[in-house]
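Close look at the chain arrangement
Listed below, chain by chain, are the residues.
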Amino acid sequence: STDVKPRDLASLVWSFASLSVQHPSLRKTLHEFGIGRSAQLSAIDLASIAWSLALLQWHGDQMMEEIALAAGQQVSRLPVQALSNLAWSFATS
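First, a word on what this report is: a plain description of the structure on this page. Counting of residues starts from 1 at the beginning of each chain's written sequence and follows it residue by residue. Note on the predicted model: pLDDT of at least 70 is required for a residue's local features to be given, and 80 or more for side-chain atom pairs to be given and counted; whole-chain, interface and lining totals, by contrast, use all residues. The basis for every side-chain value is the complete set of non-hydrogen atoms in the structure, without hydrogens or water.

A separate point is the overall build of the protein chain. Assigned secondary structure in the protein chain consists of 5 helices and 0 strands. Under the scheme used here, helices are H or I runs from DSSP no shorter than 4 residues and strands are E runs no shorter than 2 residues, and both carry numbers assigned from the N terminus. The helix and strand sequence of the protein chain, counted from the amino end, reads α-α-α-α-α. Over its C-alpha trace the protein chain gives a radius of gyration of 12 Å, about what one expects of a compact globule, namely 12 Å for 93 residues. Reported as C-alpha extents along the three principal axes, the dimensions of the protein chain are approximately 35 × 25 × 20 Å. In what follows, residue pairs with any heavy atoms lying within 4.5 Å of each other are defined as contacts. Taking the contacts inside the protein chain whose residues are at least 6 apart along the sequence as the reference set, 72% of them involve residues at least 24 apart. The globule rule used for comparison is 2.2 Å times the number of residues to the exponent 0.38, while the radius of gyration itself is calculated over C-alpha atoms.

Within the secondary structure layout, Leu-19 lies in the loop between α1 (6-18) and α2 (24-34). For the pair formed by Leu-19 and Leu-56, sequence separation is 37 residues and the distance between their alpha carbons is 9.5 Å.

The subject of this paragraph is the side chain of Ser-89. Structurally, Ser-89 is set in helix α5 (residues 80-92). Residue contacts for Ser-89: discarding those within four places in its chain leaves Ala-47, Ala-50, Trp-51, Ala-54 and Met-64.

Side-chain rings of Phe, Tyr and Trp, where Trp is taken by its six-membered ring, are said to pair if the distance between their centres is within 6.5 Å; with planes under 30 degrees apart they count as stacked, over 60 as edge-to-face, and otherwise as tilted. Counted by the stated rule, this structure contains 1 aromatic pair. Sitting above the plane of the Trp-58 ring, Arg-27 keeps its charged end 4.6 Å from the centroid. Criterion for a charge above a ring: Lys NZ or Arg CZ within 6 Å of the ring centre, and within 35 degrees of the ring normal.

What follows concerns unusual backbone geometry. Residues other than glycine seldom take positive phi values, yet Ser-20 does so here, at roughly 55°. Within the element layout of this structure, Ser-20 appears in the loop between α1 and α2. Any residue under 20% of the maximum accessible area for its type is buried, any over 50% is exposed, and the rest in between are partly exposed; the area is computed with a 1.4 Å probe on protein chains only. We classify Ser-20 as exposed; its relative accessible area is 60%. You will see that Gln-57, though not glycine, has its phi angle at about 60°, which is positive. On the secondary structure map, Gln-57 appears in the loop between α3 (43-55) and α4 (62-74).

With that settled, the discussion passes to the side chain of Asp-45. The residue Asp-45 is located in helix α3 in this model. Reaching out from Asp-45, the side chain makes a polar contact with the side chain of Arg-7 at a distance of 3.0 Å. When neighbours within four sequence positions are excluded, Asp-45 is seen to be in contact with Pro-6, Arg-7 and Ala-10. Any pair of nitrogen or oxygen atoms within 3.5 Å is treated as a polar contact; in protein, a donor-acceptor pairing is required on top of that, and neighbouring residues in sequence qualify only through side-chain atoms on both sides.

As structure tokens, then:
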């Protein structure tokens, strides 16, 4: 939905992943918002969503490709923790 803010989406996906909850509606919402819009996400949001997708074992998810492209454009501004989380996420997924 267009009413979903990037920070809210990142927090929601992180919450589901932290609780190991798989939910089809979450994946649908993430894709509706995220595909093609990942450039709008902050470095922290990108890292949080990537970590969450890896923890949920959504391997081969198109959103991970989007995150990789967006993170590549922000790499010089990424905090060390975000880089570390992204590296773990891509290595895991």
